[in-house]
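# What the coordinates show
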Amino acid sequence: PDAGELFWEDRPMQLASPLDARRLGIETVYQDLALVNDLSVHENMFLGREPIRRIAGIPFTDRAAMRERARAAIKRLGIDLTSVDVLVRDLSGGQRQSIAIARALQSQPKLLVMDEPLAALGVRESSIVLQLIQQLRTLGDVSIVLIVHNYSQIFEVCDRINFMLGGRIVRDVATAETTEAELLNLALSGTYA
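Residues numbered from 1 in each chain as written. Predicted model: local features only at pLDDT ≥ 70, side-chain atom pairs only at ≥ 80, totals over all residues. Heavy atoms only, no water.

With that settled, consider the overall build of the protein chain. Each helix and strand in the protein chain was counted, giving seven helices and nine strands. When the backbone C-alpha atoms are referred to their principal axes, the protein chain occupies close to 65 × 40 × 25 Å. Per-residue burial for the protein chain yields a buried fraction of 38% across its 193 residues. Carbon and sulfur atoms form 51% of the exposed surface of the protein chain, whose accessible area is close to 11500 Å². Side chains of the protein chain carry 21 positive and 25 negative charges; the gap between the two charge centres is 7 Å. (Helix = DSSP H or I, 4+ residues; strand = E, 2+ residues; numbered from the N terminus. Buried < 20%, exposed > 50% of the residue type's maximum accessible area, 1.4 Å probe, protein only. Areas by Shrake-Rupley, 256 points an atom, 1.4 Å probe, with all protein chains shown as cover. Lys, Arg positive; Asp, Glu negative; His and termini not counted. Charge placed at Lys NZ, Arg CZ, Asp CG, Glu CD.)

Attention now goes to helix α3 (residues 63-77). Here α3 is 15 residues long and its end C-alpha atoms lie 21 Å apart, about the 21 Å a rise of 1.5 Å per residue gives. Considered for burial, the residues of α3 that qualify are M66, A70, A73, I74 and L77. Buried residues along α3 cover an arc of 95 degrees about the axis, so they all sit on one side. Of the residues in α3, the exposed ones pointing more than 90 degrees away from the buried face are A64 and K75. Just past α3, the residue G78 takes up positive phi, approximately 70 degrees. (Expected span 1.5 Å × (residues − 1). Arc of directions from axis to C-beta.)

Approximately 980 Å³ is the volume attributed to the largest pocket. If you list the elements that add at least two residues to the lining of the largest pocket, you get α5 (123-139), β7 (143-147), α6 (151-157) and β8 (160-165). Partitioning the lining of the largest pocket into residue classes produces 18 nonpolar, five polar and three charged. (1 Å grid on protein atoms, 1.4 Å probe; cavity = no way out; pocket = protein on both sides within 12 Å on 5 of 7 lines; lining within 4 Å. Points joined across faces, edges and corners; volume = space filled by probe spheres on them. Nonpolar A, V, L, I, M, F, W, Y, C, P; charged D, E, K, R; others polar.)

Core analysis: the biggest nonpolar cluster contains 46 residues, and V41, M45, I74, I99, I101 and L112 have the highest contact counts within it. Top contributing element to this core by residue count: helix α4 (residues 93-105), with six residues. Those residues in contact with V41 that sit more than four places away from it in its chain are I74, L81, S83, V84, V86, V88, L91 and I99. W8, M13, I26 and L111 belong to the second-largest nonpolar core, a separate cluster that totals six residues. (Core = buried A, V, L, I, M, F, W, Y, C linked by side-chain atoms within 4.5 Å. Contact = heavy atoms within 4.5 Å.)

A few words on the side chain of Q97. Relative to the helices and strands, Q97 is located in helix α4. Here Q97 falls in the buried class, since its relative accessible area comes to 2%. In contact with Q97, not counting residues within four places along its chain, are V29, Y30, L33, E116, P117, L121 and V129.

In terms of strand pairing, β8 meets strand β9 (residues 168-174) through six bridges, oriented antiparallel. Bridge pairing links I161 to V173 in β9. Between β8 and β9, which pair antiparallel and follow one another directly, the connecting turn spans two residues, one of which, G166, has a positive phi of 60 degrees. (Pairing = 2+ DSSP bridges.)

Let us look at the pattern of salt bridges. For side chains of opposite charge, pairing can occur when their charged atoms come near one another. Evaluation of the coordinates by the stated rule reveals 14 salt bridges. Where D38 meets R89, a salt bridge forms, and the shortest distance between an N and an O atom there is 2.3 Å. Taken together, the residues D38 in the loop between β3 (26-29) and α2 (41-45) and R89 in the loop between α3 and α4 connect sequence positions 51 residues apart. With a relative accessible area of 53%, D38 lands in the exposed category. Residue classification places R89 among the partly exposed positions, given a relative accessible area of 43%. (Salt bridge = Lys/Arg side-chain N within 4 Å of Asp/Glu carboxyl O.)

One open sheet holds the three strands; their spatial order is β3-β6-β7, and the pairing between them is parallel. Every interior strand has two partners, whereas the edge strands, β3 and β7, have only one. Between one strand and the next, the sheet's axes are offset by a mean angle of 20 degrees, whatever the strand orientation. Pairing between strand β6 (residues 111-115) and β7: five bridges, direction parallel. (Axes fitted to C-alpha atoms, helices over the stretch in contact; angles between N-to-C directions.)

See below:
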């Protein structure tokens, strides 16, 4: 940030890298998914965080643990996949985004920041991801910050809306206390109400 302060659990903080955020329990699902198309689902879910087992003191990637933990995560989240061994490039956009979310949840974060998770998805695929977000909301294991530009989507899954213009929060309201039309008018007027 070029101005302001960041607080985490009532303490000021500075983040020098995504790894700093991860250490605090903050995970991010990026708009571009950050998945490797030529790797399988289970390989993507543990990329850079592969479980290790030692045989005679020599470290090896524990692929069996990766598969089992990936299967359990996918089952828990209700993601429709035939196998955790399928290559990510063979999945639909909604399935890919679901895998990116499942990967972020592997570390049991306190906060999940989702940056435009529905961008470039069709109606059916967006529905899959919105159902997953709703399921996460129901489970209540993680707080979610959902960054979107399509106002109708937030009314399906969000409890609270922080509307930003020019880098400032200009409206902070419970979802039930506003409408899509009100947000659209605020955006079109460009006023700081």
